[in-house]
Amino acid sequence: MRRAIIKGLLLGLIFAAALMILSTVMNQGNTDMTTEMGEATYPVLSMSVGMHRVGSLHGYARAMDCAYLRDNLYPVSEDRKINVQMETYGRKIGGISFEVRSLDGERLVESTPVTEYTEKDDVINFEITLKDLIENDTEYMLVFLVTPQENAPIRYYSRIILSDSLHVREKLDYVTDFHERTMDKEAAAGLTKYLESNAEGDNTTFHKVTIHSSFNQVTWGDLDVREVTKPIVTIKELAEQTGSFMLEYLAAVRNGKKTDFYRIKEYYRIRYTPDRMYLLDFERTMEQVFDEDADVYVNDKIILGIVGDQAALQESDGGNVFAFSVADKLYSYNVTDNKLARIFSFYGNTEELTDERCAYNRHDIRVLSVDETGNIIFLVYGYMNRGRHEGCVGVVIYAYNSVANTVEEMAYIPYDRSYELLKTDIEKLSYMSRTGICYFIMDGSVYAVDVRSASVQALVTGLKEGSYHVSESNKMLVWQEGDDIYAAEDLILMNLNTQNQTRIPAGSGEYISVVGFMDEDLVYGLARKRDIRESRTGITTFPMYCLKIQSDNGSVLKTYQKEGVYVVDSEITENQLTLSRVVYDEENETYKPTAEDQIMNTEAVKTGSNSLHSVVTETYETICQIAVKDEIDSKSLVHLTPKEILFEGSRSVGDLEKGAVEEKFYVYGKDGIESICVNPGKAVEYAYRRAAVVVDDDCNYIWRRESRSSRNQIMAITESEVTETKSSLAVCLDTILKYEGISRNTQTWLNRGDTVFDILESNLQNYTIMDLSGCSLDAVLYYVNKDIPVLAMLADGNAVLITGFNELNIVVMDPVTGTLEKRGMNDSTEWLLENGNQFISYIRKE
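Counting starts from 1 at the beginning of each chain's written sequence and moves along it residue by residue. Under the rules for a predicted model, residues below a pLDDT of 70 receive no local features and side-chain atom pairs below 80 are neither given nor counted, while totals for whole chains, interfaces and linings still include all residues. The side-chain figures draw on all heavy atoms in the structure; neither hydrogens nor water molecules are used.

## Things to note about the overall build of the protein
In terms of regular secondary structure, the protein is built from twelve helices and 59 strands. Values of the radius of gyration come from C-alpha atoms, whereas the globule rule sets the reference at 2.2 Å times the count of residues to the power 0.38. Taking 846 residues into account, the globule formula puts the C-alpha radius of gyration at 28 Å, and the protein, at 31 Å, falls close to it. Each principal axis of the C-alpha distribution contributes one length, and for the protein these read about 130 × 70 × 55 Å. Exposure classes here rest on a 1.4 Å probe applied to the protein chains alone. A residue is buried below 20% of its type maximum, exposed above 50%, and partly exposed in between. The burial tally for the protein puts 53% of its 846 residues in the buried class. It only takes one pair of heavy atoms within 4.5 Å for two residues to be counted as in contact. Pairs at least 24 residues apart make up 57% of the contacts formed inside the protein by residues separated by at least 6 positions. Exposure was quantified through the Shrake-Rupley algorithm and a 1.4 Å probe, taking into account, for residues, occlusion by the shown protein chains and nothing else. A total accessible area of about 39100 Å² is found for the protein, and carbon and sulfur atoms account for 45% of it. For this count, His and the chain ends are skipped, Lys and Arg are scored as positive, and Asp and Glu as negative. Where a charge sits is defined by one atom per residue type, namely NZ (Lys), CZ (Arg), CG (Asp) or CD (Glu). The average position of the 85 basic charges and that of the 132 acidic charges among the side chains of the protein differ by 3 Å. A run of DSSP states H or I qualifies as a helix once it reaches four residues; a run of E qualifies as a strand once it reaches two. Both are numbered from the N-terminal end.

Following this line, the structure appears as structure tokens:
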């Protein structure tokens, strides 16, 4: 008996030891297969303007399409010297050189090595002198190539402009002084003369403060704000009088026993005069950094703080798990298990938060799916601050495994343009199907990535603006077939979740057009071919006699049709479809506007089990919080920090098949790219209202808000009159071409049916011809100020040229009267508006 007991004890000890060894081996294996995210290793560059350090240049691992990298602009003085500082963070540098290129990067102007520099305390200082090869008041791209020891070169990009008339130091002095005064209410008293405090300002939130906010709001109300990091000053745009600047820094506010951190951005647009500075625009955003270890769990609420509308939340079907992102950090909360996981962030602790490499916020996070077990598929897209893809721009598809508490890279899609441009595409479409296919739009093409094999397929290429739409959930995609958006005979409707495609044909003698989605239901319109009109300026009117609303299963839910009334445009906002309509005027053979109409969606908006809410507090004003379906036990809350799964090789999908890309116009403002338009008139009008700039794909400035001369006139253009054989439009076109050194009889071209665009594009080869219809007179005088005439079409079919202006008048060449005369600015504004503000102009490409 005793032997049996001893034998049993021995077997038990052996079994226990075996379990311990097995557990150790298994855990060791798991440790070997996972890791922390790699540290940031790239140096950061900045340059100086007098006593000011400007720019914070972050390195790129590969050559980029620099035509779209517009983050920084550096003014070069007449001596062409630039003082550069490089924070190496301990990285050993083997070599430094620089290039000067044309803005689009196609033409190399200069390539020079840097042979002299000083290094002290992980900081390298050097000075470069540009060769006398660049023109005054012309922008170029400066590229630094920094080569770490035994590594490939890292590239840093900044626009530069050679000029001594930009008054940059005075503008920087003003901006930094304004910023410092906002931190001290006494010192800030002098700022009131610059503010435009009125009802436009929202004084209920610190998340966004503007030039229209109250003095108390601009000076932080009752918040005790202190700077944690020195502001990074970025010059966005410069002209002789005006300039746009961005300040970015980390701030702290004491909240009881803890300290809350906030990411701050301040945008300034100012105008310099010898007498004083004028503040044209000011906007400050404040975003709280969520601290999961703080006392932010109150009953059934998670307090996110001052974040405005920047927080995002997505939950599982049953609402037991939800993911939320705030300040570039992604979390998941399991309601049932009371577990909170910080799934992804390029920064974690305070040290990383104050490291400008980790905290650099030129990327976003987008959750694609959340299941009831807590597994989450999400995208990280933009500039990669650290880790496997440090210094790259692209899209990474990640999978979070809640059981193993790991994050795994499933696929990587590289990109060679800017984060802002990538963001506009990803926000249009990014969707994960049940079968593991991730769909996204990039540069006018829809791609399908199979995350199981990291392979990619182009679903449809060469999409044009207005030829496709995506439902709000991103599950439904529709596109028109064919190159002409006004001559489509079929639509393809695709359910991305099931991969089912439905072809929707137009009827006989008809064309079909996409209108949009109301929830997941498609709205499309039908137009008779005989009703479609193209004006002499090349503008197409597509009058839809019938609209249909169709579900994803093919059933038509509603048909909208009014006798003699046509829909030419629409806008979908929440549950309402607003229709812009016209009727046909047979006497004048044209379409005329009539009253708008609306179609309502009566289906109730679905709400989730967990949701974001705004509440008002006394000190912090409006804050954001998550209302959770069950109460949170903060004492037993389990905090998780996943590790990354290691893998060999690469999961890059490789090169993407690209289709033809149509010419686009980019509106850059305080928020980077604010709009992308195919129609230049829409881009110009948007930029006019937002005091932004418009550039094309070749980096030519299409329009910019700058100080206009008090008067200007194109003296080379004189009066000219219609004849029996030459219309006013032909006279105007002949005059434009003659002004550009080309002799033509354009009446012959008009008689054979060519449009204004056909004629100008055929004869002005190195020009961009622009339809500026819908723009205001004040906006198009930008071109006259640059000695470019503006053609104005009138409702009666005639045309005039605008060739000059002063503060009270414009100068009009009217072929019908044969005069070149001044007309009052206010009267002309009203007259041209009544005629539809139909403008055409052009720019000379550089």
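Next comes the rest of the write-up.
## Some thoughts on the pairing of strand S49 (residues 665–669)
Judged by how many residues are buried, S49 sits mostly within the fold: five of five residues are covered. The alternating pattern of S49 places Phe 665, Val 667 and Gly 669 and Tyr 666 and Tyr 668 on opposite faces, both of which are buried. Note on pairing: DSSP must find at least two bridges between two strands before they are called paired. By the bridge criterion, five bridges tie S49 to strand S50 (residues 672–677) in an arrangement that is antiparallel. Residue pairing for S50: Phe 665 is matched across the bridge by Cys 677. In sequence, S49 turns back onto S50 through a hairpin of two residues. Pairing of S49 with strand S51 (residues 693–696) involves four bridges; the strand directions are antiparallel. Its bridge partner being in S51, Tyr 666 is matched across the sheet by Val 695.

## Notes on a negative patch on the surface
Residues enter patches when they are more than 30% accessible in relative terms and free of salt bridges; like-charged ones are connected within 9 Å and nonpolar ones (Val, Leu, Ile, Met, Phe, Trp, Tyr) within 5 Å. Criterion for a salt bridge: a side-chain nitrogen of Lys or Arg within 4 Å of a carboxyl oxygen of Asp or Glu. A contiguous patch of negative charge, built from Glu 78, Asp 79, Glu 127, Asp 137, Asp 164 and Glu 240, is present on the exposed surface. Given a relative accessible area of 37%, Glu 78 falls into the partly exposed group.

## Thoughts on the packing of aromatic side chains
Stacked, tilted and edge-to-face pairs are distinguished by plane angle, under 30 degrees for stacked and over 60 for edge-to-face with tilted covering the rest, among Phe, Tyr and Trp rings (Trp via its six-membered ring) whose centres lie within 6.5 Å. All told, the structure shown has 27 aromatic pairs when counted by the stated rule. Ring geometry for Tyr 174 against Tyr 194: centres 5.1 Å apart, planes inclined by 80°, an arrangement best described as edge-to-face. A residue pair is termed long-range when its members are at least 10 positions apart, and Tyr 174 in helix H2 (residues 168–182) and Tyr 194 in the loop between H2 and strand S12 (208–210) qualify at 20 residues. Residue classification places Tyr 194 among the buried residues on the basis of a relative accessible area of 14%. Ring centres 5.3 Å apart and planes at 25° place the aromatic pair Phe 378 and Tyr 398 in the stacked group. Placement of Phe 378 in strand S25 (residues 376–383) and of Tyr 398 in strand S26 (residues 393–401) is noted, with a sequence separation of 20 residues between them. Across this residue pair, the class does not change: Phe 378 and Tyr 398 are buried. In this scheme, Lys NZ or Arg CZ marks a charge over a ring once it lies within 6 Å of the ring centre and within 35 degrees of the ring normal. The ring centre of Tyr 278 lies 4.2 Å from the NZ or CZ of Arg 276, which sits over that ring. A cation sits over an aromatic face here: Arg 704 above Tyr 701, 4.3 Å from the ring centre.

## Things to note about the side chain of Gln 480
Here Gln 480 shows up in strand S33 (residues 476–480). Two N or O atoms form a polar contact when they lie within 3.5 Å of each other; inside protein one atom must be a possible hydrogen donor and the other a possible acceptor, and for residues adjacent in sequence the pair counts only when both atoms belong to side chains. Polar side-chain contacts of Gln 480 include one of 3.1 Å to the backbone oxygen of Ile 485. When residues no more than four places from it in sequence are discounted, the contact partners of Gln 480 are Gly 466, Ser 467, Ile 485, Ala 488, Asp 490, Leu 491, Ile 512, Ser 513 and Val 514.

## Notes on the environment of Asn 766
Assignment of secondary structure puts Asn 766 in the loop between helix H10 (756–763) and strand S54 (767–771). With a relative accessible area of 47%, Asn 766 lands in the partly exposed category. Non-local contacts of Asn 766, meaning those with residues more than four positions away in its chain, are made with Arg 844 and Lys 845.

## Some details on the layout of surface pockets
Which parts of space are left empty comes out when a probe the size of a water molecule is rolled across the atoms. As a volume, the second largest pocket reaches approximately 1100 Å³. Taken together, 37 residues form the lining of the second largest pocket, with Asp 137, Thr 138, Tyr 701, Arg 704 and Glu 846 sitting closest to its centre. Secondary-structure elements contributing two or more residues to the lining of the second largest pocket are strand S10 (139–148), strand S52 (701–704), helix H11 (777–785) and strand S59 (838–844). Sorting elements by how many residues they give to the lining of the second largest pocket places H11 first, with three residues. Amino acids outside the nonpolar list (Ala, Val, Leu, Ile, Met, Phe, Trp, Tyr, Cys, Pro) and the charged list (Asp, Glu, Lys, Arg) are all regarded as polar, and Gly is one of them. Taken together, the residues that form the lining of the second largest pocket break down as 13 nonpolar, ten polar and 14 charged. A 1.4 Å probe that fits but cannot get out identifies a cavity on a 1 Å grid over protein atoms alone, an open set with protein on both sides within 12 Å along at least five of seven lines counts as a pocket, and a residue lines either if it has an atom within 4 Å of a point. Grid points are joined across faces, edges and corners, and a volume is the space filled by probe spheres set on the points.

## Thoughts on the confidence of the model for the protein
For every residue, the pLDDT score states the predictor's confidence, bounded by 0 at the bottom and 100 at the top. Overall, the predicted model of the protein reaches an average pLDDT of 93, with 96% of residues at or above 70. Per-residue pLDDT stays below 50 along residues 4–32; that stretch engages in one contact with residues further than four places along the chain or on separate chains.

## Quick notes on the nonpolar core
We call a set of buried Ala, Val, Leu, Ile, Met, Phe, Trp, Tyr and Cys residues a nonpolar core when their side-chain atoms join them within 4.5 Å. Residues Phe 144 and Ile 397 are the most contacted members of the largest nonpolar core, which totals 100 residues. Considering every element that reaches this core, the biggest residue donor is S10, with seven residues. Excluding residues within four positions of it along the chain, Phe 144 makes contact with Leu 45, Met 47, Leu 57, Val 84, Ser 97, Phe 98, Phe 126, Ile 128, Ile 154, Arg 155 and Tyr 156. Val 784, Ile 788, Leu 794 and Ile 802 belong to the second-largest nonpolar core, a separate cluster that totals 57 residues.

## Considering empty space enclosed by the protein
Summed over all chains, the structure comprises two cavities of 30 Å³ or more. Looking at the largest cavity, the residues that line it are Ala 40, Tyr 42, His 58, Arg 357, Tyr 383, Asn 385 and Glu 390. In this structure, the second largest cavity encloses a volume near 40 Å³. Lining the second largest cavity are Met 47, Val 54, Gly 55, Asn 72, Leu 73, Tyr 74, Ser 158 and Ile 235. For the lining of the second largest cavity, the secondary structure elements donating two or more residues are strand S3 (52–58) and strand S4 (73–76).

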